[in-house]
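# Report on the structure
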Amino acid sequence: MTVRFFGDLDRKQLDRARAAVRDLAGQWVAPDLSLGQVGAFPSARRPQVVWLGVEDAAGHLRALADLADRTIRIAGFGPADKPFVGHLTLARVRRGARPADLEELTRGLTPPSGPLTIRSITLFKSDLRPEGPIYTPLEAAAPGAGPGRGE
């Protein structure tokens, strides 16, 4: 789940982004989420990204996204390019691929049931390659002890 996308960062910006993630350690509650419906951006007729929605009855995911946004802005970054929408990216359709609709792309997909808990916020480096991206974790922040969690 992407909370914030940075794009290309120079060394100084990367250091600030890493420090922002460290600043988040212990400052957030691990959200307990439910999995929702499968959808697509920009639309089900022309999917470019296939996603699985998440439901956050307690509002902890929204609070986490808002905290991350404030911390990132304090670190000297501007506002996000797009508003945060809680979802798990399942697939991206390659440019130039044969057009398909969402139903065709997700035929036979059975999303898992049960709760989903976010256990860390991680800053990743992505190296885009022809065979697909390679993601390397650079910095991580664990949640604090939330009410009733006993952590």
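Please read all numbers here as calculations on a predicted model, not as lab measurements. Every chain's residues receive numbers from 1 upward, in the order its sequence appears when written. Whole-chain, interface and lining totals are the exception, using all residues; otherwise, since this is a predicted model, local features are given only for residues with pLDDT of at least 70 and side-chain atom pairs are given and counted only at 80 or more. Water and hydrogen atoms were dropped before computing side-chain values, which therefore reflect all heavy atoms in the structure.

## A few points about the environment of Ser43
- Checked against the element boundaries, Ser43 lands in the loop between strand S1 (32–41) and strand S2 (49–55).
- Taking relative accessible area as the criterion, Ser43 reaches 26% and is therefore assigned partly exposed.
- Taking the C-alpha atoms as reference points, Ser43 and Arg95, 52 residues apart in sequence, are found 15 Å from one another.
- A polar contact is formed between the side chain of Ser43 and the backbone nitrogen of Arg46, at a distance of 3.1 Å. Under the DSSP-based scheme used, a helix requires at least four consecutive residues in state H or I and a strand at least two consecutive residues in state E, with every element numbered from the N terminus. For every residue, the accessible area (1.4 Å probe, protein chains only) is compared with the maximum for its type, and the residue is labelled buried under 20%, exposed over 50%, or partly exposed between those bounds. Two N or O atoms count as a polar contact when they lie within 3.5 Å, although within protein this holds only if one can serve as hydrogen donor and the other as acceptor, and sequence-adjacent residues are included solely when both atoms are side-chain atoms.

## Considerations on the pattern of salt bridges
- Any carboxyl oxygen of Asp or Glu within 4 Å of a side-chain nitrogen of Lys or Arg constitutes a salt bridge here. Counted by the stated rule, this structure contains seven salt bridges.
- Ionic pairing is found between Arg62 and Asp66, a salt bridge with its closest N-O pair at 3.4 Å. Placement of both Arg62 and Asp66 in helix H2 (residues 60–74) is noted, with a separation of four residues, approximately one turn of the helix.
- We classify Asp66 as partly exposed; its relative accessible area is 32%.
- Here Asp127 and Lys125 are joined by a salt bridge, their closest N and O atoms 4.0 Å apart.
- In this structure Asp127 comes out as partly exposed when scored by relative accessible area, which is 25%.
- Within this structure, Arg4, Asp69 and Arg73 form a network of salt bridges that share partners.

## As for the pairing of S2
- Of all seven residues in S2, six are buried, a share of seventy percent or more.
- The pairing criterion is simple: DSSP has to find at least two bridges between the two strands. Bridge count for S1 against S2 is six bridges, and the pairing is antiparallel. Paired with Leu35 across the bridge in S2 is Val54.
- Here S2 runs beside strand S3 (residues 87–92); their pairing, made up of five bridges, is antiparallel. Looking at S3, one finds that Trp51 is bridged to Thr89.

## Structural notes on the sheet that holds S3
- Spatially, four strands are ordered S3-S2-S1-S4 in an open sheet, and the strand pairing comes out antiparallel. Two strands bound the open sheet, and with one partner strand each, they are S3 and strand S4 (115–117). Taken over all neighbouring pairs, the strand axes of this sheet differ in orientation by 45° on average, direction set aside.
- Judged from the three bridges that link them, S1 and S4 form a sheet pairing that is antiparallel. Looking across to S4, one finds that Leu33 is bridged to Leu116. Interaxial angles span 0 to 180 degrees and are taken between N-to-C directions of axes, which are lines fitted to C-alpha atoms, for helices over the stretch in contact.

## Digging into the packing of aromatic side chains
- Pairing of aromatic side chains requires ring centres within 6.5 Å, counting the rings of Phe and Tyr and the six-membered ring of Trp. Pairs whose planes differ by under 30 degrees are stacked, by over 60 edge-to-face, and all others tilted. This structure, assessed with the given rule, holds two aromatic pairs.
- Where Phe6 meets Phe77, the ring centres are 5.0 Å apart and the plane angle is 65°; that geometry is what we call edge-to-face. Of this pair, Phe6 sits in the segment before helix H1 (11–24) while Phe77 sits in the loop between H2 and S3, and the two are 71 residues apart along the sequence.
- The partly exposed category is assigned to Phe6, whose relative accessible area is 23%.

## A short note on the confidence of the model for the chain
- Confidence scores per residue from the predictor, reported as pLDDT, run from 0 to 100. Residues at a pLDDT of 70 or more form 96% of the chain, whose mean pLDDT is 89.
- Per-element confidence in the chain is highest for H1, whose mean pLDDT is 97, and lowest for helix H3 (residues 102–106), whose mean pLDDT is 86.
- Segment residues 147–151 is flagged for pLDDT under 50; beyond a separation of four residues in sequence, or across chains, it makes nine contacts in the model. In this description, contact between two residues means that some pair of their heavy atoms is separated by no more than 4.5 Å.

## Focus on the nonpolar core
- Formed by 24 residues in total, the largest nonpolar core has its most connected members in Leu24, Trp28 and Leu61.
- It is H2 that provides the largest number of residues to this core, a total of six residues.
- Once you skip the residues sitting within four places of it in the chain, Trp28 turns out to touch Leu64, Leu67, Ile118, Arg119, Ser120, Ile121, Ala141, Ala142, Pro143 and Gly144. Think of a nonpolar core as a cluster: buried Ala, Val, Leu, Ile, Met, Phe, Trp, Tyr and Cys residues, connected wherever their side-chain atoms sit within 4.5 Å.

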